[in-house]
Structure formats: structure tokens, C-alpha cells
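# Residue-level structural notes
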Amino acid sequence: MNDDRKRWNEKYSDPNFEFPDDPIPELERRTSSLPDGRALDVATGTGRNAVFLAEHGYDVEAVDVSDEALARARQRADERGVDVDWIRADLAEFDLEPDTYDLITVSFFAALEHLPDLKAALSPGGVLVYEHHLRSSDPVTVGPSSDRYRYRSNDLLRACLDLTVLVYEERRRPLADGTAAVATLVARNSHGGTQSYPAVAEGTDGSR
Ligand SMILES: C[S@@+](CC[C@H](N)C(=O)[O-])C[C@H]1O[C@@H](n2cnc3c(N)ncnc32)[C@H](O)[C@@H]1O
């Protein structure tokens, strides 16, 4: 069995190993300005982003290396009455079709080496929403214990400069079980010399 699969299956076999039920905040906050259509949730875990997207009308594929994670994700989708195409695969072996997804989400999975293929899999105008743990000199209690699995400042931004970066932020986030240091990126697959941009909701910004 693949090392990642074994390691993550062991983690998910522990009933005390849990991820939040809610999707990542940036996804929830931005739903109305993201393109509709086909979505891919990478390293979906227990499916919090995938189920949320299916509830919002997306045609969703969700990949994870762990059977145990996907068993929990399937149960969540059944409870919520939505369909998701759950795919058990190591991302390194998953065939990403170019120009396919209107939205790709990645949360808390170190995938810099897969970014060229993930970006190519965005359809024209497709959006990548990515959150990951950062290295931090401040005390953070949530996320990988080793810096090996955390991004350095601007790693994610630099890797996406060939997209139109709509949001990039690095901050500490207080959570119910501690504090995390998180990078958030929202970036659009631009094409051509002229872009179109999501509208800011009326009333949130009166300036020109
Ligand atoms: C920290 S969890 C995050 C889960 C989910 N994205 C979330 O935010 O709740 C990381 C996930 O990556 C998955 N994973 C680890 N290595 C993988 C690989 N090589 N290919 C696909 N998924 C992988 C694990 O099974 C695990 O579910």
C-alpha cells in the first residue's frame, strides 16, 4: 500500500481524528463571486468543501488518497442528500485533464509540486481557492508539527503568479482548538489581454 494511503488511513481510523464540518471560510465567503460549473476538491479529507460545493449546485469530483477519509465523506454527503464523485487516488497518479474545472479547491494539503497540473486543469476563467498552513515564529498549535509540510511566506503566491491573483493573505487564525497560521489564495486562470473580474458586492466598498 502507498505510504500516504497507509499513514492517512491510520489517522482517519481513530474516531478522535476530526476536521471541521464547515468549508474553509474563503470558500463560504466568496461563493457568490465564483464561477459555477464543474469543481474539483483536492485531498478532500472528510469532504467539507466538496459537500458544500455540491450543495451549491456544482458538479463535484473529490480526490483523496485515503479510503477511510472517503468513507466518512460519503456518509456526510448521504446525510446531506448530495452527490459527489469520490475518487480514491494519490494526487501524484491522478490524471488531471487540462481546461476542465471551473473551480479547484485545495485546503491544508501541501501540493506545490502539483500546481502546474492543477493550474492547467482550470478552464479559462476558472478559479483556484487554496489555503495552507504557514511556517510561523509566533506560537501556532494547529497544523503539521514539522515545518516540512508548511509553506514559507509567499510560496503559494509565487507559485500562482501566472494566474490573476484576486486574494492573497497570510495571517494567524484563532480556531476552537488553537491558533493556525494560514495562507489563503484565490486566483483566476486568465486568458487574453483583457480580463473580467468578479464584482464587489454593493455597499461593501464605496471608493473608486
Ligand atoms: C490535513 S487533511 C485536509 C483535508 C481537507 N482538505 C480539509 O481541509 O478538511 C490532508 C488530506 O490529504 C490527503 N492526502 C495526503 N496525501 C495525499 C496524496 N498523495 N494524494 C491525495 N490525497 C492525499 C489525506 O488523506 C488527507 O485527507
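Our structure's up above, just so we're on the same page.
Residues numbered from 1 in each chain as written. Predicted model: local features only at pLDDT ≥ 70, side-chain atom pairs only at ≥ 80, totals over all residues. Heavy atoms only, no water.

Let's shift gears to the site of the ligand. Tyr12, Ala43, Arg48, Asp64 and Ser107 are the nearest of the 17 residues found near the ligand. Within the side chain of tyrosine 12, an N or O atom sits 2.6 Å from an oxygen atom of the ligand. Here a nitrogen atom of the ligand sits 2.8 Å away from a polar atom, N or O, in the main chain of leucine 91. Here the ligand loses 95% of its free accessible area of 600 Å² to cover by the protein chains. The element that contributes the greatest number of residues to the shell around the ligand is helix H1 (residues 3-13), accounting for 3 residues. Looking at the shell around the ligand residue by residue, the class counts come to 9 nonpolar, 4 polar and 4 charged. (Near = heavy atom within 4 Å. Polar contact = N/O pair within 3.5 Å; in protein donor to acceptor, adjacent residues only side chain to side chain. Areas by Shrake-Rupley, 256 points an atom, 1.4 Å probe, with all protein chains shown as cover. Helix = DSSP H or I, 4+ residues; strand = E, 2+ residues; numbered from the N terminus. Nonpolar A, V, L, I, M, F, W, Y, C, P; charged D, E, K, R; others polar.)

A word on the packing of helix H3 (residues 48-55) against helix H4 (residues 67-80). Any two packed helices are characterised by the angle at which their axes cross and by the distance between the axes. At a minimum axis distance of 10 Å, the contact between H3 and H4 shows a crossing angle of 25°. Considering the angle they form, H3 stands roughly parallel to H4. Classified by chirality, the crossing of H4 by H3 is right-handed. Contact residues: H3 offers Arg48, Val51 and Glu55, while H4 offers Ala73, Arg76, Ala77 and Arg80. Grouping the constituent residues of the contact of H3 with H4 by class yields 3 nonpolar, no polar and 4 charged. (Axes fitted to C-alpha atoms, helices over the stretch in contact; angles between N-to-C directions. Parallel < 35°, antiparallel > 145°, perpendicular 65-115°, else oblique. Left-handed = near helix turned anticlockwise from the far one by under 90°. Contact = heavy atoms within 4.5 Å.)

Turning next to H4. Here H4 is 14 residues long and its end C-alpha atoms lie 20 Å apart, about the 20 Å a rise of 1.5 Å per residue gives. Among all positions in H4, only Ala69, Leu70, Ala73, Arg76 and Ala77 are buried. Projection of H4 onto a plane perpendicular to its axis shows the buried side chains occupying an angular sector of 120°, all on one side. Every exposed residue of H4 that faces more than 90 degrees away from the buried side is listed here: Asp78 and Glu79. If you follow the buried residues of H4, they end up packed against H1, H3, strand S2 (59-64) and strand S3 (85-88). The N-terminus of H4 is capped by serine 66, whose side-chain oxygen sits 3.2 Å from the backbone nitrogen of glutamate 68. Two residues or fewer after H4 comes glycine 81, characterised by a positive phi angle close to 70°. (Expected span 1.5 Å × (residues − 1). Buried < 20%, exposed > 50% of the residue type's maximum accessible area, 1.4 Å probe, protein only. Arc of directions from axis to C-beta.)

This part covers the pattern of salt bridges. Under the criterion given, the structure shown has 14 salt bridges. Aspartate 138 is the partner of arginine 172 in a salt bridge, and the nearest nitrogen-oxygen pair spans 3.4 Å. Within this pair, whereas arginine 172 is found in strand S6 (residues 164-175), its partner aspartate 138 is found in the loop between strand S5 (122-133) and helix H6 (155-159), the two being separated by 34 residues in sequence. When the shortest N-O distance is used, the salt bridge between arginine 171 and glutamate 169 registers 2.9 Å. We classify arginine 171 as partly exposed; its relative accessible area is 23%. Residue class for glutamate 169 comes out partly exposed when judged on its relative accessible area of 34%. A network of salt bridges, in which partner residues are shared, links Arg5, Asp67 and Arg88. (Salt bridge = Lys/Arg side-chain N within 4 Å of Asp/Glu carboxyl O.)

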